[in-house]
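# Overview (structure and organization)
Next come the chains, spelled out residue by residue.
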Amino acid sequence: MFDYTYLPSPNLLPSLVEMMLKIIFICTMNMAVFAPVLGWVERKQSALMQDRIGANRAEIFGFTVFGLLHVATDALKLLFKEDFIPRGADRPLHYLAPFIAVVPALVAFAVIPFGGKYMLWGHEANLVIADLNVGMLYIFAVASLSTYGAVIGGWASNNSWSLLGGLRVGAQMLSYEVAMGLTLVGVFMVYGSLQLTTIGMAQENFFHWGIFLQPLGFILFITCALAENKRTPFDIPEAESELIAGYFTEYSGLKFAMFWMSEFLEMVTISAVLVALFFGGWQIPFISHQGLIDAMGHLFGPNFGAIVAMLIHVVVFWVKVISWIVILMLIRWSLPRFRFDQVMRLGWKIVLPLALANIVVTGFILLAVR
Amino acid sequence: MEDKNQLDLNTELMVLNMGPSHPATHGTVRFFLKLDGEKIVHMETEIGYLHRGFEKHCENGTWTQAFPYTDRLNYCSAPQNNVAYALAVEKLLGVTDKIPARAVYIRTIMCELARMADHYTNLAAGTLELGALTAFIYFVEARELTWDIIESVCGARLTSNYIRVGGLASDLPEGFAGHVKSVFAKNRVFWSEFDKLLTHNRIFLDRMRDTGAISREDAISFAFTGPCLRAAGVEYDVRKASPYLAYREVDFDIPVGTTGDNFDRYLVRMEEINQSMRIVEQCLSLLPSGPININDASVRNPSKEDGHTYMESMIFHFKNTIEGIQVPKGESYVPTEGTNGELGFYLVSQGGGKPWKCRVRPPCFALTQAMGHMCTGSYLADIIPTFDMINLIGGECDR
Amino acid sequence: MAANYKKVNRGVKLTLWERLYVMEVVRGVTITARHFFRNWVSTFRSYVSGNPAERGIMTIYYPEEKPVVPEAYRGRPMLVRAMDGKEKCVACGLCEVACPAKCISIVGAMRPDGTRYPETYTLDGAVCIFCGLCEEACPEEAIVMTHNYEGLVEYDRRLMLYDKEALLVPEDKLKGRLDYIRRRMYNKCNY
């Protein structure tokens, strides 16, 4: 079942360099660019949606940079804030919870391809950190780990509201984990693989993008993904008007920031998965992967051409991801939230049967086509 | 077998203390909850966290000095409190019929603008707490525009202090009708956007429909009034049942619900905003010119010329200010339709310049006492829309 | 002309699409997205042109841009200094008794020429509720509510205890408000 192609090939040094570069790139993108900047994007975007101006006061030498400096001041404030642990809290678990929440969101990115395969000076560069043949299963496995962070945080805080939040997280994640797995079965059937690079290559033709082949699967997946992300309309575990802040009520300082960051990172991961599965990954509509590399090769020579093509593909991928982040934020700021039992009903009674139906229908269509 | 397992489990109810400083209990109220999982088994409401001694304050000032205090009862619709108090004092004085027509119409306009502002605030806050943050801001914008009108007339957005015994503090500003027209045009856009964002949204419907419902009979026995009573299907509106101000002269609909749940309350309020705009527009077209104060030197302030020319005017000015308006012995109560229900001041005068007793009948006190009745048996999350649609205003309920 | 009771339309019919949530999500997001892009463009345009009026947004950059208050606005209460440099106030004490919050205290005195003036006039800005009743009570138009809404709060309550010198403002600076009072509040046509 498992093949170990993701391990470094015998040609060790270039592979190692490539691996390091990819990890550094993804970590920088996520930790240094997305996690903080999304805080700014969220503020500014929600402000403009609501006819407001948004954060604009933090300044250095009179430059406010459209409020971007608030990100830095936020980080500073959270860094110096008192790290509060309530009396009666389970201290080790209280410490551990934010780490459990934030790590899976980062680690899940390992299998998402942000570009294709390129031949550079005889070395094949594959723009994915770990090209697992069970890629999506890995994402499911890791993503469900982040639930523990929230549940443990809710339990360890020794606060009734946190406990209620933790319980709600547990129930909600459990319900949508099942549905989320099943919604994507249709995609796997269509592309015949769990490997995200294979799925990406299969979407070279614009009309073979997941959104056209699996429209229902897409809608169901985005529902489940929103629920997994715990943001409005599915933010019942942290519903501020009901549970104050839910499972992170008793967190402050950097630990709070880690919960906050894990939410943003999850959003990036979800957008990336959406793009990789349904929106062609790094592929540009109507231009084939190899076609772009050849065209660039004619212009800049084979190696530099491949690098230019690689850069174009990477940029296209991130543009798609960012567009999806913006759309997810639009949804988050537009909708009211569900009630606890209604989330459960939606998960078990609507999404799950529809996902199963989607599998059956996809199966029949595949049989008919072949 | 299943039941036996259940019995063996050592389960107990979760006791939860919601408020007084909890995001949902704005207006500082406290709920003692007993929860079975997410279900509310028992609920008690405790009020009084915003008690400021309004009634006692009023008894220590002159009749005029109570106006700034009434602003601070229901701060979202201050002019209505002013009007309700002024009407009660005028009834004691026996000058109700002598108020000039222009003053009556302007009072009606202010009342309806205040009703709009209050409903905007209430519906906006309600959706905010259900998580619809953008719809919240759209209605807050509409409210700000409405408050702009109120500010241009009264001089302050919230603490209007505009109505006086026997008339008004000042006349309408120039270009008032045009201002109102331009604001209403914008507000109608906000209204339709809010409506599109929420009224057909299934998430919102599921949260509002059949939650916090109260039957017609229960609503009456809990002394409900206003939109919450009408949502339960009772056709009662003080503006129609015992018309005051200019409500007899204008044409408007009073929305009535059927089941008394949160969705009905929401719809009633949404429709009342439109009807208030209608009333304001009619009043503006009917608005007569003329004086805005009663022609009675013992009640109103004299004009500058009179004060500086006639000794009597100056004396009345000093006596009215220092001793207060001399109100004959007696007691009075005038019901008015406040935004949340019947609002009235029960005043007792022993003669002289100060109220002997000033009791306010706040609409939301009666509504708040039914919280436990409406929420027991429902989910924890149902407290939020129910409490929002009750629209408890701490300043009014706790006084 | 009368009021009529009317049932609200409670039976909001949901189409199948609406039942599946998707349609309403799309519609809601369209509305908010329209606001988003419209404000984005207008904010950017106003940033380029430097004209705040082009920003189609209600909020204002407060300390840099000041809100325009209406004529009736009741801001900080101020005493009027007549053109000859003397206080207009005659220390009659009407504002003192008219104030519901009891924030004014006056000690009157007599000038050599026999006119009265306030020896001390203290207004506690921490207690004042900006109701404007002092302005209405004053027979001399000596205390007015100005349009000044800035610097009303301090970190120390003692700093908010304004004395006469802090309150006095030359008459010509208060022209607009004095005119407003005469026209709107003290006019004979009011009754």
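Residues numbered from 1 in each chain as written. Chains lettered and ligands numbered in written order. Predicted model: local features only at pLDDT ≥ 70, side-chain atom pairs only at ≥ 80, totals over all residues.

## Topic: the overall build of chain C
Within chain C, the regular secondary structure consists of six helices and seven strands. For chain C, the α and β elements follow one another from N to C terminus as β-α-α-β-α-β-β-α-β-β-α-β-α. Rg of the C-alpha trace for chain C: 26 Å, well past the compact-globule value of 16 Å for 191 residues, more than 25% over. Taken over the C-alpha atoms alone, chain C extends approximately 90 × 55 × 35 Å along its principal axes. Scored against the burial criterion, the 191 residues of chain C give a buried share of 33%. Restricting to contacts in chain C with at least 6 residues of sequence separation, those with at least 24 account for 69%. (Helix = DSSP H or I, 4+ residues; strand = E, 2+ residues; numbered from the N terminus. Rg over C-alpha atoms; globule rule 2.2 N^0.38 Å. Buried ≥ 20, exposed ≤ 12 C-beta atoms within 10 Å, placed from the backbone. Contact = placed C-beta atoms within 7 Å.)

## Overview of the sheet that holds strand E7 (residues 330-337) of chain B
What links the strands of a sheet is backbone hydrogen bonding, and the strands pair in either a parallel or an antiparallel sense. All names here are of chain B. Spatially, the three strands line up as an open sheet ordered E7-E8-E9, and their pairing is antiparallel. For this open sheet the edge positions go to E7 and strand E9 (357-361), each flanked by a neighbour on one side alone. With strand direction ignored, the average angle separating the axes of adjacent strands in the sheet is 10°. Pairing between E7 and strand E8 (residues 342-349): eight bridges, direction antiparallel. The residue of E8 that forms the bridge with proline 335 is glycine 344. The sheet contacts of helix H4 (residues 78-93) involve E7 and E8, and relative to E7 the element is tilted by about 145°. (Pairing = 2+ DSSP bridges. Axes fitted to C-alpha atoms, helices over the stretch in contact; angles between N-to-C directions.)

## Quick notes on helix H5 (residues 160-191) of chain A
Residues and elements named next belong to chain A. Helix length check: H5, at 32 residues, gives a terminal C-alpha distance of 46 Å against a target of 46 Å (1.5 Å per residue), a fit within 8%. Considering bend angle alone, the principal kink of H5 is centred on valine 185 and spans about 25°. Following H5 by one or two positions, glycine 192 has its phi on the positive side, about 65°. (Expected span 1.5 Å × (residues − 1). Bend = angle between axes of the 7 residues up to and from the residue.)

## A short note on helix H14 (residues 311-322) of chain B
Because each turn of an α-helix spans 3.6 residues, side chains separated by three or four positions in sequence point in the same direction. Helix length check: H14 of chain B (twelve residues) gives 16 Å between terminal C-alpha atoms against 16 Å at 1.5 Å per residue, within 8%. Its buried side turned inward, H14 of chain B meets helix H13 (304-309) of chain B together with helix H3 (94-98) and helix H4 (133-137) of chain C.

## Structural notes on the domain arrangement of chain C
Taken domain by domain, chain C holds domain 1 (16-54) and domain 2 (77-190). Each of domain 1 of chain C and domain 2 of chain C has a C-alpha centre, and these two points are 48 Å apart. (Domains from an automatic or database assignment.)

## Side note on the sheet that holds strand E4 (residues 116-124) of chain C
In spatial order, the strands read E3-E4-E6 (chain C); together these three strands make up an open sheet with antiparallel pairing. Edge positions in the open sheet fall to strand E3 (104-110) and strand E6 (161-162) of chain C, since each of these has one partner strand only.

## Details of the interface of chain A and chain C
If you look at the interface, chain A gives twelve residues, while chain C gives 15 residues. Where the side of chain A that touches chain C is concerned, the elements lending two or more residues are helix H1 (12-49) and helix H12 (302-334) of chain A. Here the side of chain A that touches chain C takes four residues from H12 of chain A, the largest share from any one element. Across the side of chain A that touches chain C, the residue classes tally to eight nonpolar, two polar and two charged. (Nonpolar A, V, L, I, M, F, W, Y, C, P; charged D, E, K, R; others polar.)

## A short note on unusual backbone geometry
Residues other than glycine seldom take positive phi values, yet asparagine 161 of chain B does so here, at roughly 50°. Of note, asparagine 161 of chain B is situated in the loop between helix H6 (133-154) and strand E4 (163-164). Looking at asparagine 161 of chain B, the number of C-beta atoms within 10 Å reads 27, which means it is buried. In this structure, lysine 102 of chain C is a non-glycine residue whose phi angle is positive, near 55°. Of note, lysine 102 of chain C is situated in the loop between H3 and E3.

## Here we look at the pairing of E8 of chain B
All names here are of chain B. E8 sits mainly inside the fold: six of its eight residues count as buried. Hairpin geometry of E7 and E8 is characterised by an intervening segment of four residues between the two adjacent antiparallel strands and by a positive phi of about 150° at glycine 341. Pairing between E8 and E9: five bridges, direction antiparallel. Within E9, the residue paired with phenylalanine 345 across the bridge is valine 360.

## A closer look at the nonpolar core
In this structure, Leu274 of chain A together with Val89 and Phe139 of chain B are the most contacted members of the largest nonpolar core, which totals 274 residues. With sequence-adjacent residues up to four places away left out, valine 89 of chain B is seen in contact with Trp63, Val165, Val327 and Leu347 of chain B. (Core = buried A, V, L, I, M, F, W, Y, C linked by C-beta atoms within 7 Å.)

## Things to note about the interface of chain B and chain C
Facing 66 residues of chain B, the contacting portion of chain C comprises 46 residues. With seven residues, the single largest contributor to the side of chain B that touches chain C is H6 of chain B. Of the residues belonging to the side of chain B that touches chain C, the class tally is 25 nonpolar, 21 polar and 20 charged. Examined bridge by bridge, strand E6 (residues 252-256) of chain B and strand E1 (residues 3-7) of chain C share five bridges and lie parallel to one another.

## Quick look at the environment of threonine 258 of chain B
You can see threonine 258 of chain B is positioned in the loop between E6 and helix H12 (262-286). The sequence separation of threonine 258 of chain B and proline 173 of chain B amounts to 85 residues, and the corresponding C-alpha distance is 42 Å.

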